[in-house]
Amino acid sequence: MIARSMVNAAQDTAIAMFREAGVPIREDEKKGIAIVDFGLSRFPEEGMHLFTMVSTSRYAAKALGLTPWQTEPEHWHPPVGEDPGKEETVRVLWGTLLFFIDGEDTMRLGRIPEGKGYAYSCRHELVMHPGDQITLKPNQKHWFQADGGGVVIYTFSSTARDVLDCFSDPAIQRTTQIDENS
Ligand code: ZN
């Protein structure tokens, strides 16, 4: 659950970040920026600002902003029917992205959200700067985080079915509930 006032403020933050990063975005698109708290009600720590440029039944392109140390929780994109699962490319536009996949534990800069060690098993850290990109295989587990300066990235993918993504934290609900009275 996230308060409407926080959603509005976060949309303002997002549009400023996107413009700083050189993502053209119109004023009338601001209300379409999804403020996602993953049902955890701790948006500044685990959450994201997500602007969908296009999402069809075949592909999707989105801009995603994280404020300092904000974290997209560990997840993977499972097979759905005939589809082997979402294949996704992440490209950094602005700021520094700490990206985590399975492999040797090289975590140096990343910070596991407080008390959430059980939900963040990937500890192989990639430090990504503007122009760096990574392509994930379907079903490949990953999570990512802004460093202390915030980050803006593009994600390009095959069909996105966000509500079917799998998360390591069983408390996560991908659909954000907004409290319109606060
Ligand atoms: Zn993903």
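Note that the structure is predicted; figures quoted are calculated from it, not measured. (Residues numbered from 1 in each chain as written. Predicted model: local features only at pLDDT ≥ 70, side-chain atom pairs only at ≥ 80, totals over all residues. Heavy atoms only, no water.)

A. Structural context of the pattern of salt bridges. Under the defined criterion, the tally for this structure stands at 11 salt bridges. The salt bridge partner of E46 is R42, with a shortest N-O separation of 2.3 Å. As a salt-bridge pair, K86 and E88 come within 3.8 Å of each other at their nearest N and O atoms. Classification of K86 as buried rests on a relative accessible area of 9%. (Salt bridge = Lys/Arg side-chain N within 4 Å of Asp/Glu carboxyl O. Buried < 20%, exposed > 50% of the residue type's maximum accessible area, 1.4 Å probe, protein only.)

B. Just the side chain of Q70, in detail. Within the secondary structure, Q70 sits in the loop between β4 (59-66) and β5 (71-76). Classification of Q70 by relative accessible area gives buried; the value is 0%. Sequence-distant contacts of Q70, defined by excluding residues within four places in its chain, comprise F43, P44, E45, G47, M48, H49, G65, F144, Q145 and A146. (Helix = DSSP H or I, 4+ residues; strand = E, 2+ residues; numbered from the N terminus. Contact = heavy atoms within 4.5 Å.)

C. View of the coordination of the zinc ion. For the zinc ion, the protein coordination sphere consists of H75 (NE2), H77 (NE2), E88 (OE) and H142 (NE2), at 2.1 to 2.5 Å. With four donor atoms in place around the zinc ion and angles of 80 to 176 degrees between them, the coordination shape is irregular. Of note, the zinc ion draws all its donor residues from one chain, in the sequence arrangement H-x1-H-x10-E-x53-H. Taken together, the residues H75 in strand β5 and H142 in strand β9 (residues 142-158) connect sequence positions 67 residues apart. (Donors = N, O, S within 2.8 Å, 3.2 Å for Na, K, Ca; no water. Tetrahedral: all angles 85-135°; square planar, octahedral: opposite > 155°, others 65-115°.)

D. Molecular detail of the pairing of β5. In terms of residue burial, β5 counts as a mostly covered element, since five of its six residues are buried. Two strands pair when backbone bridges link them, and β5 and β9 are joined in this way by three bridges, in the antiparallel orientation. Residue pairing across strands places H75 opposite H142, the latter belonging to β9. (Pairing = 2+ DSSP bridges.)

E. Quick look at the pairing of strand β8 (residues 133-136). By the alternation rule, side chains of β8 split into I134 and L136, which are all buried, and Q133 and T135, of which none is buried. Here four bridges tie strand β6 (residues 88-101) to β8, and the two strands are oriented antiparallel to one another. Across the sheet, the residue bridging to T89 is T135, located in β8.

F. Summary view of the environment of A10. Within the secondary structure, A10 is located in helix α1 (residues 4-20). In this structure A10 comes out as buried when scored by relative accessible area, which is 5%. With 14 residues separating them in the primary sequence, A10 and P24 have C-alpha atoms 18 Å apart. Excluding its chain neighbours within four sequence positions, the residues that come into contact with A10 are I35, F43 and H49.

G. Local environment of the side chain of T71. Considering the arrangement of structural elements, one finds T71 in strand β5. A polar contact of 2.9 Å, which involves the side chain of T71, links it to the side chain of Q145. (Polar contact = N/O pair within 3.5 Å; in protein donor to acceptor, adjacent residues only side chain to side chain.)

H. Molecular detail of the nonpolar core. One finds L66, L97, F99 and I153 to be the most contacted residues of the largest nonpolar core, which totals 21 residues. If you list the elements that add at least two residues to this core, you get β3 (48-55), β4, β6, β8 and β9. It is β6 that contributes the most residues to this core, five residues altogether. When sequence neighbours within four positions are dropped, the list of residues in contact with F99 reads V90, H124, E125, L126, M128, I134, L136, H142, W143 and F144. Core analysis: the next-biggest nonpolar cluster, separate from the first, contains 17 residues, A10, A14, M17 and Y154 among them. (Core = buried A, V, L, I, M, F, W, Y, C linked by side-chain atoms within 4.5 Å.)

I. Representation of the environment of Q173 in the model. Position of Q173 among the secondary structure elements: in the loop between β10 (166-167) and β11 (178-179). In sequence terms Q173 and Q70 are 103 residues apart; their C-alpha atoms lie 17 Å from each other. The contact partners of Q173, leaving out residues within four places of it in the chain, are F38 and G39.

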